[in-house]
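Single-letter residue listing:
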There are 2 protein chains.
Amino acid sequence: MFALSASLLVKEYAVYAKHSGIPEIKTVLGGFIIRRFLGLWTLITKSLGLVLAVASGMWLGKEGPLVHVACCCANLFIKLFPSINNNEARKREVLSAAAASGISVAFGSPIGGVLFSLEQLSYYFPDKTMWQSFVCAMTAAMVLEAFDPFRSGKLVMYQVTYSSVWHGFELVPFVLLGLLGGVYGGLFIKANMWVARWRKSATWLPGPVIQVVAVAILTALLNYPNNYMRAQCSDLVSNLFSECSKLTDDQFGLCKTGAASAGTIILLIFAAVLGFFLAAITFGLQIPAGIILPSMAIGALVGRAIGIIMEIWQHNHPNFIAFRSCEPDVPCITPGTYAIIGAAAALGGVTRMTVSIVVIMFELTGALTYVLPIMVAVMISKWVGDAFSRRGIYESWIHFNEYPYLDNSEEIPIPDIPASQIMTRIEDLVVLTATGHTIASLTAVMEQHPYRGFPVVSDPRDAILLGYISRAELAYILHASTQPPRLLPPETEAFFAHQPLADPRTTLDLRQWMDQTPLTLPRGSRLHLAVSYFQKLGLRYVMFVDRGVLQGLLTKKDVWYVLNGAEETRRTAGRGEPMGGGVAREGGDGEREGLLGVGRGEEEVEVVSPIGDGGSNLL
Amino acid sequence: MFALSASLLVKEYAVYAKHSGIPEIKTVLGGFIIRRFLGLWTLITKSLGLVLAVASGMWLGKEGPLVHVACCCANLFIKLFPSINNNEARKREVLSAAAASGISVAFGSPIGGVLFSLEQLSYYFPDKTMWQSFVCAMTAAMVLEAFDPFRSGKLVMYQVTYSSVWHGFELVPFVLLGLLGGVYGGLFIKANMWVARWRKSATWLPGPVIQVVAVAILTALLNYPNNYMRAQCSDLVSNLFSECSKLTDDQFGLCKTGAASAGTIILLIFAAVLGFFLAAITFGLQIPAGIILPSMAIGALVGRAIGIIMEIWQHNHPNFIAFRSCEPDVPCITPGTYAIIGAAAALGGVTRMTVSIVVIMFELTGALTYVLPIMVAVMISKWVGDAFSRRGIYESWIHFNEYPYLDNSEEIPIPDIPASQIMTRIEDLVVLTATGHTIASLTAVMEQHPYRGFPVVSDPRDAILLGYISRAELAYILHASTQPPRLLPPETEAFFAHQPLADPRTTLDLRQWMDQTPLTLPRGSRLHLAVSYFQKLGLRYVMFVDRGVLQGLLTKKDVWYVLNGAEETRRTAGRGEPMGGGVAREGGDGEREGLLGVGRGEEEVEVVSPIGDGGSNLL
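Residues numbered from 1 in each chain as written. Chains lettered and ligands numbered in written order. Predicted model: local features only at pLDDT ≥ 70, side-chain atom pairs only at ≥ 80, totals over all residues. Heavy atoms only, no water.

### Let's talk about the overall build of chain A
Just so we agree on the cut-off: By definition, any uninterrupted DSSP run of H or I lasting at least four residues is a helix, any uninterrupted run of E lasting at least two residues is a strand, and each is numbered from the N terminus. Only protein chains enter the accessibility calculation, which uses a 1.4 Å probe; a residue whose area is less than 20% of its type maximum is buried, one above 50% is exposed, and one in between is partly exposed.
When its secondary structure is counted, chain A shows 24 helices and ten strands. Relative to its 619 residues, chain A shows a buried fraction of 62%.

Structure (structure tokens):
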């Protein structure tokens, strides 16, 4: 029922409220715009839907969606401040900070939130953003602490204090947990993406709402018989983490006499395997759903199982050479620590984060003495996971949804070709000449071509680049000139160059509306230089010149297509489309229509980059 | 005696072993080269000197110097791997990772080390570096743990476990501690820089070795009478942090009956004030000396004093409205927590770091419940400190030493002027023409002008930019051509453009040695765009063109001079010096001579930037 309502909500009111939202936030912070993704309706739907989805008992987490909710709030809030709202760079800084506060409240982990935002989400993270995120995450945590939702007086959700330290020999199972975490991450991503592809291609499948209900019923049926899976993920994780001697409420019977038995181990492993499958089919449904908590739960189940194995082994063979360092009469193995390390490793395998996971784990549990084992496990998990696939779960979804996200992790190979090979050549470009245009002819060009802007050259023969005028600026000035007070007729001459003989009252001088210093690269530049222009300077396009003569134009999107191996798609979608390829793509499903907000006829969304130059070049 | 030997060592063997080294590392990571700074002699001297300096009991820390030592080791180690050693971008990544491991072992705080490297040191910190630093810091911590130098089996130096949580009313003194930390930071930087300037200008002062000995004797005299200052800083900090009920060895009498008295408070404050003055004169002497530990000690002293004040107050007025939340018969105030928060605030005030301090403090102490108060205090401390001066202690030293560090924190105001105002105009540039040169004439140009490279234009009248040839490449090919097997005579024609009639056997075609796609900006570009080229793309210079015609050249160093208000210095040092201004500066003292390694006649140091294009443009 809960799942049904959540799914109906999402379907009816805001389709972007589904899923975790983190892939989309990454894309937005990478410099693209997704319409309505951070709007009021998305916020309301996601908040309500998340409550319902979590209450439904399905295998999903609340962390990712909370980040999305925080970003929605921030986006709505900054509409009150035009100075920030109109500056895309500052807007993105605010969103980064909001994301930090989202994780901060989700886990009660302010520092972990800042690092999550830094490591996972943000494309561009200057020192200033770090500091802003820090303040934001801290304030969020303070407010949470003041509300005291867990009635424990503590921010930390799963605080554990272990009375023992770890022994050298335990590094072997810890490394094993790291391996398992990496394998889990790699397999999970493969399974989840396989389900997603299958779901997309299988046309006979019922609608998204039915799917959600089916998965919810399946989850209920599978979960109920298993003691560990019947409860909420967060309760389960909390109990798995805890040390037996400290546990007051042994809900799952993990500490009762005889719990360290083969039966418990099998049940734990079984729960982990079931959880794996349920999470793989749940993540991607049309409800708000995160993947962080399920991964932690699965990792913790496996970790606890291995911990119990070690405990039994040590108990039965106390004289085994590795166990010499154990003190007699004191429990040598603490299965709870294995659960923590397993959870960290599983999280590392799925998301491929490193530093933030370690910080989150120890803000979550306070297990300071276990920092090193956690680090070792996360490191190995990332190595193993990377061996399966370079992409973490969020990057995989970005790739699956074909969001135009230009990965700046420097791990995608950039082909060593001249950029001129993939640029749109001047022959295929719509360029404006400096002279010879009238208001009517310019209007006609704009109506005919949907591009976001036009290069301006001296004349068609020797195409000396003079500047670049964006569609928005051109449309504005053409419209303004034909209205009072100027009331210029459509046949008025319009030019982009100095015309000493022109009468300023009867002609239109467009020079001040043109970016007269567009950024250019020499013609022979390699592609990787162009890519670093896009990545580091935040440009949206760059023009190529040879001794002042325009040679061609390359957009961020062209590069994205090439780097993501979709060269063919692009070519079929119309070769001479340098701008706004997003809407020109053929056969896009309705949902993705207008996704990037760069479409013809739509309100122009002007986006400036961190370097804040001009504005027209920069998305 | 220890101090004397340390100082002699530094003076005799490696002048760069003095000080903390962090300002220099920041400069190096910012893309400049400081000769011998990371050499073998510096390593040996710094290691030995640091041991001696710490043993001398002066008010100095070992953390900064350990970072320097780690970077020296890394620098020497990567000489074994030419593929890294010849790639400046990867070299800097390795140095960032080494810095992380330095802090990791100094504090036993691996995550704090990574964040320190990220927040304080690194100019350019991609995800990959984060991951490398993480592995590096972790390995360092593992090795340290295996050596177990503190014989405690724990990595954490000052582990504390507080039995109580904090109360809402305590936020008031915590905020006060933040304020005090900020004021301390601001004043300390002012005092320290004043001492540094005075020391530089007062010519009657004895040599550096005598100064060190004098300060050491003064320190000994002042420290001995005060119980708190007699011990090593680290012992003091450890005791100040601890909770009385847990303390086993009450070396300083902080917990004995009657310790919570006005006398103790006065003594603590007195020790803090003395420590302030001693640290201010010590940091900057010619011995290896860090500022992190002294700042922590001063903050902890003040914090503990305020903690004791609160304790007495609460004890005497248990019914005061704020103290209602205290439980009876249990100590309500834990002065040790005040010491931790005071230390964090002081560190924040001096270094202006935020996230790394919080993480270091809690890796250092395990005081997880106190994360929020620490964050509040650090935040306020940074605010207050920034009100005194935007520069932290390391930036102040960079400024004082006039290192060419281009701050990328976006907090320095960039004047909104066209870059062409400060570029070296083409009239003042030494340019090569594409034709009309011989080997002899090119050699003459090189001998006459010390610049690191020369723009190549078509011909002097219409100076169409063809490319840029670096001094190193030009020198190499000219030298190679006159040697066997080619043995070209000096009057051989040399050209940079396609010459269809030239005989390749008797002429020299230099095109392949020239960077044929130098990066350019349009003439009218604003300075802030040029600055982001330098900061984000890591360029060393950029040329300005107007429709293909070279207009001028701007170097990173020109920009640095302008941004640091040293415009006048630059002008007097020779206006037409576009390259290698560092050595051309007049009146540089012997110590700074050749500091930047860009000098005439010296071995050319070719430095590539993160984007790794070509190489000749990129420092």
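Having seen the structure, we can now continue with the description.
### So, the environment of I439 of chain A
Residues and elements named next belong to chain A. Selection rule: A contact between two residues is defined here by any heavy atoms of the two lying within 4.5 Å.
For I439, the location among the structural elements is in helix 19 (residues 439-448). The exposure class assigned to I439 is buried, which follows from its relative accessible area of 3%. Between the alpha carbons of I439 and E473 there is a distance of 14 Å; along the sequence they are 34 residues apart. Beyond its immediate chain neighbours, meaning those up to four positions away, I439 contacts L478, S481, T482, L488, P489, P490, T492, A494 and L508.

### Digging into the packing of helix 6 (residues 88-107) of chain A against helix 7 (residues 110-121) of chain A
Residue and element names in this part refer to chain A. Condition: Only the stretch in contact is used when a helix axis is fitted, and all axes are lines through C-alpha atoms; the angle between N-to-C directions ranges over 0 to 180 degrees. Roughly parallel means an angle under 35 degrees; roughly antiparallel means over 145; roughly perpendicular covers 65 to 115; every other angle is labelled oblique. Crossings are assigned a handedness: left-handed for a near helix turned anticlockwise from the far helix by less than a right angle, right-handed for a clockwise turn.
With their axes 7 Å apart at the nearest point, helix 6 and helix 7 run at an angle of 130 degrees to one another. As summarised for this structure, helix 6 and helix 7 are arranged oblique, according to the angle between their axes. For the pair helix 6 and helix 7, the sense of crossing is right-handed. Taken together, the residues of helix 7 that come into contact with helix 6 (itself represented by S96, A99, A100, I103 and S104) are P110, G112, G113, V114, F116, S117 and L121.

### Section: unusual backbone geometry
With the exception of glycine, most residues fall at negative phi, and the peptide bonds are largely trans. Residues and elements named next belong to chain A. Of note, R352 is a non-glycine position whose phi angle comes to about 65 degrees, a positive value. On the secondary structure map, R352 appears in the loop between helix 15 (335-351) and helix 16 (355-365). On the basis of relative accessible area, R352 is assigned to the buried category, the value being 8%.

### Regarding the relation of the copies chain B and chain A
Under the convention used in this document: To line up the copies, we fit them by least squares on C-alpha atoms, keeping just the residues with pLDDT of at least 70 in both.
Note on the copies: chain B fits chain A at an RMSD of 0.1 Å, the axial shift is 0.0 Å, and the rotation between them is 180 degrees. Considering both components of the superposition, the chain copies are consistent with a two-fold axis. Identified as the residue of chain B closest to the rotation axis by C-alpha distance is G548 of chain B, at 2.0 Å.

### Focus on helix 13 (residues 262-282) of chain A
The periodicity of an α-helix, 3.6 residues per turn, causes residues three or four places apart in sequence to face the same way. To keep things clear, this is the line we draw: For a helix, the expected span equals 1.5 Å multiplied by the residue count minus one.
Helix length check: helix 13 of chain A, at 21 residues, gives a terminal C-alpha distance of 30 Å against a target of 30 Å (1.5 Å per residue), a fit within 8%. Along helix 13 of chain A, the positions that sit buried rather than exposed are T264, I265, L268, A271, A272, L274, G275, F276, L278, A279, A280 and T282 of chain A.

### Digging into the sheet that holds strand 7 (residues 508-509) of chain A
Residue and element names in this part refer to chain A. Test applied: Any two strands with at least two DSSP-identified bridges between them are counted as paired.
Spatial ordering of the open sheet is given by 3-6-7, a layout of three strands whose pairing is mixed. Either end of the sheet is taken by a strand with one partner, and the two such strands are strand 3 (437-438) and strand 7. Where strand 6 (residues 493-495) meets strand 7, two bridges bridge the pair, whose relative direction is parallel. From the neighbouring strand, A494 faces strand 7, where its bridge partner is L508.

### Some remarks on the sheet that holds strand 9 (residues 541-546) of chain B
All names here are of chain B. Reading across from one edge, 1-10-9-8 is the order of the four strands in this open sheet, with mixed pairing throughout. If you trace the sheet from one side to the other, it starts and ends with strand 1 (424-425) and strand 8 (520-522), each paired once. Sheet topology note: the strand 9/strand 10 (residues 549-555) ladder contains six bridges and is antiparallel. Its bridge partner lying in strand 10, Y541 is registered against T555. On top of the sheet, helix 22 (residues 556-563) reaches strand 1 and strand 10; it is set at about 60 degrees to strand 10, its chief contact.

### Thoughts on the pattern of salt bridges
Residues and elements named next belong to chain A. Rules: Here, a salt bridge means any side-chain nitrogen of Lys or Arg that lies within 4 Å of a carboxyl oxygen of Asp or Glu.
Applying the stated criterion across every chain, the model contains ten salt bridges over all chains. When the shortest N-O distance is used, the salt bridge between R352 and D386 registers 3.2 Å. Of the two residues, R352 sits in the loop between helix 15 and helix 16 while D386 sits in helix 17 (residues 371-388), which places them 34 residues apart along the sequence. Classification of D386 as buried rests on a relative accessible area of 13%. Residue R511 is joined to D509 by a salt bridge in which the shortest nitrogen-to-oxygen separation is 3.0 Å. On the basis of relative accessible area, R511 is assigned to the partly exposed category, the value being 24%. Take D509: its relative accessible area is 30%, and that puts it in the partly exposed class.

### Quick look at the UniProt feature "domain: CBS" (unreviewed entry) in chain A
Convention followed: UniProt positions are given in the numbering used here, feature names are shortened, and annotations may be inferred rather than shown by experiment.
Within this numbering scheme, the UniProt entry marks residues 423-491 of chain A as carrying the feature "domain: CBS" (unreviewed entry). Note that residues 423-491 of chain A is 32% helix and 25% strand, and that its end C-alpha atoms are spaced 34 Å apart.

### A closer look at the interface of chain B and chain A
For clarity, the cut-off: Any N or O atom pair separated by 3.5 Å or less is treated as a polar contact, with the protein-specific requirement of one donor-capable and one acceptor-capable atom, and with residues adjacent in sequence counted only for side-chain atom pairs. Under the convention adopted here, Pro, Cys and the residues Ala, Val, Leu, Ile, Met, Phe, Trp and Tyr are nonpolar, Asp, Glu, Lys and Arg are charged, and Gly plus all remaining residues are polar.
Each side of the interface is counted separately: chain B has 61 residues, and chain A has 63 residues. At the junction of chain B with chain A, the criterion picks out zero salt bridges. In this structure, the connection of chain B to chain A is made through zero residue pairs in polar contact (both at pLDDT 80 or more). Of all the elements in the fold, those that place two or more residues in the side of chain B that touches chain A are helix 7 (110-121), helix 8 (127-147), helix 16 (355-365), helix 17 (371-388), strand 8 and helix 21 (527-537) of chain B. Per-element tally for the side of chain B that touches chain A: the top contributor is helix 8 of chain B, with ten residues. Within the side of chain B that touches chain A, the residues separate by chemical class into 39 nonpolar, eleven polar and eleven charged.

### A short note on the nonpolar core
Here is the rule we go by: Throughout this description, the term nonpolar core refers to a set of buried Ala, Val, Leu, Ile, Met, Phe, Trp, Tyr and Cys residues connected via side-chain atoms within 4.5 Å.
I111, F134 and M296 of chain A together with I111, F134 and M296 of chain B are the most contacted members of the largest nonpolar core, which has 221 residues in total. At twelve residues, helix 14 (residues 292-316) of chain A tops the list of elements feeding residues into this core. Residues L521 of chain A together with V531, V542 and F544 of chain B belong to the second largest nonpolar core, which totals 39 residues.

### Description of the environment of S96 of chain A
Residue and element names in this part refer to chain A. The residue S96 is located in helix 6 in this model. Residue class for S96 comes out buried when judged on its relative accessible area of 2%. A C-alpha to C-alpha distance of 7.3 Å links S96 and T129, two positions 33 residues apart in sequence.

### Brief notes about the confidence of the model for chain A
Residue and element names in this part refer to chain A. Put simply, the rule is: Per residue, pLDDT captures the predictor's confidence, and it can take any value from 0 to 100.
Mean pLDDT for chain A: 75, with 79% of residues reaching 70 or above. Considering only residues more than four positions removed or in separate chains, one finds that residues 566-619, a stretch of pLDDT under 50, has 133 contacts. Two summary scores accompany this predicted model of the complex, namely pTM at 0.74 and ipTM at 0.70.

### As for the packing of helix 4 (residues 63-77) of chain B against helix 6 (residues 88-107) of chain B
All names here are of chain B. In the contact formed by helix 4 and helix 6, the axes pass within 8 Å of each other and the chain directions differ by 140 degrees. Overall, the two elements helix 4 and helix 6 adopt an arrangement that is oblique. With respect to the hand of their crossing, helix 4 and helix 6 are arranged in right-handed fashion. Contacts between helix 4 and helix 6 pair E63, L66, V67, A70, C71, A74 and N75 from the former with K91, V94, L95, A98, A99, S101, G102, I103, A106 and F107 from the latter. In terms of residue class, the contact of helix 4 with helix 6 is built from twelve nonpolar, three polar and two charged.

### Considering the side chain of E395 of chain B
Residue and element names in this part refer to chain B. Along the chain, E395 turns up in helix 18 (residues 393-400). There is a polar contact of 2.3 Å between the side chain of E395 and the side chain of K26. Within the structure, the side chain of E395 is placed 2.9 Å from the backbone nitrogen of G392, a separation counted as a polar contact. Beyond its immediate sequence surroundings of up to four residues, E395 is in contact with K26 and Q120.

### Let's talk about a nonpolar patch on the surface
Convention followed: Patches in this entry comprise residues that are over 30% relatively accessible and not in a salt bridge; like charges within 9 Å are linked, as are nonpolar side chains (Val, Leu, Ile, Met, Phe, Trp, Tyr) within 5 Å. Using the Shrake-Rupley algorithm and a 1.4 Å probe, accessible areas are obtained, with residue cover drawn only from the displayed protein chains.
Together, L40, W41, I44 and L48 of chain A make up a nonpolar patch on the protein surface, roughly 410 Å² of accessible area in all. As for its position among the elements, L40 of chain A is in helix 3 (residues 40-55).

### Digging into the packing of aromatic side chains
When we look at a pair of aromatic rings, we describe it by the centre distance and by the angle of the planes. Using the following cut-off: Each pair of aromatic rings taken from Phe, Tyr and Trp, with Trp reduced to its six-membered ring, is defined by centres within 6.5 Å and is described as stacked if the planes are under 30 degrees apart, edge-to-face if over 60, and tilted in the remaining cases. Throughout this description, the term charge over a ring refers to an Arg CZ or Lys NZ atom that lies within 6 Å of the ring centre and within 35 degrees of the ring normal.
All told, the structure shown has 25 aromatic pairs over all chains when counted by the stated rule. Relative to W131 of chain B, the ring of W383 of chain A lies with its centre 5.9 Å away and its plane at 80 degrees, an arrangement referred to as edge-to-face. Within this pair, whereas W383 of chain A is found in helix 17, its partner W131 of chain B is found in helix 8, the two belonging to separate chains. By relative accessible area, which is 46% here, W383 of chain A ends up partly exposed. Aromatic pair Y184 of chain B and F276 of chain B: ring centres 5.8 Å apart, planes at 70 degrees, arrangement edge-to-face. One end of the pair, Y184 of chain B, is in helix 9 (residues 171-201); the other, F276 of chain B, is in helix 13 (residues 262-282), with 92 residues separating them in the sequence. The exposure class assigned to Y184 of chain B is buried, which follows from its relative accessible area of 9%. Cluster of aromatic residues (ring-pair linked, three or more members): Y184, F188, F276 and F277 of chain A. In this structure, K382 of chain A packs its charged tip against the face of W131 of chain B, placed 5.2 Å from the ring centre.

### Description of the pairing of strand 4 (residues 453-457) of chain A
Residue and element names in this part refer to chain A. Counted residue by residue, strand 4 has five buried out of five residues, so it is predominantly covered. The alternating pattern of strand 4 places G453, P455 and V457 and F454 and V456 on opposite faces, both of which are buried. Here strand 2 (residues 432-433) runs beside strand 4; their pairing, made up of two bridges, is parallel. Bridging from a neighbouring strand, L432 pairs with V456 of strand 4.

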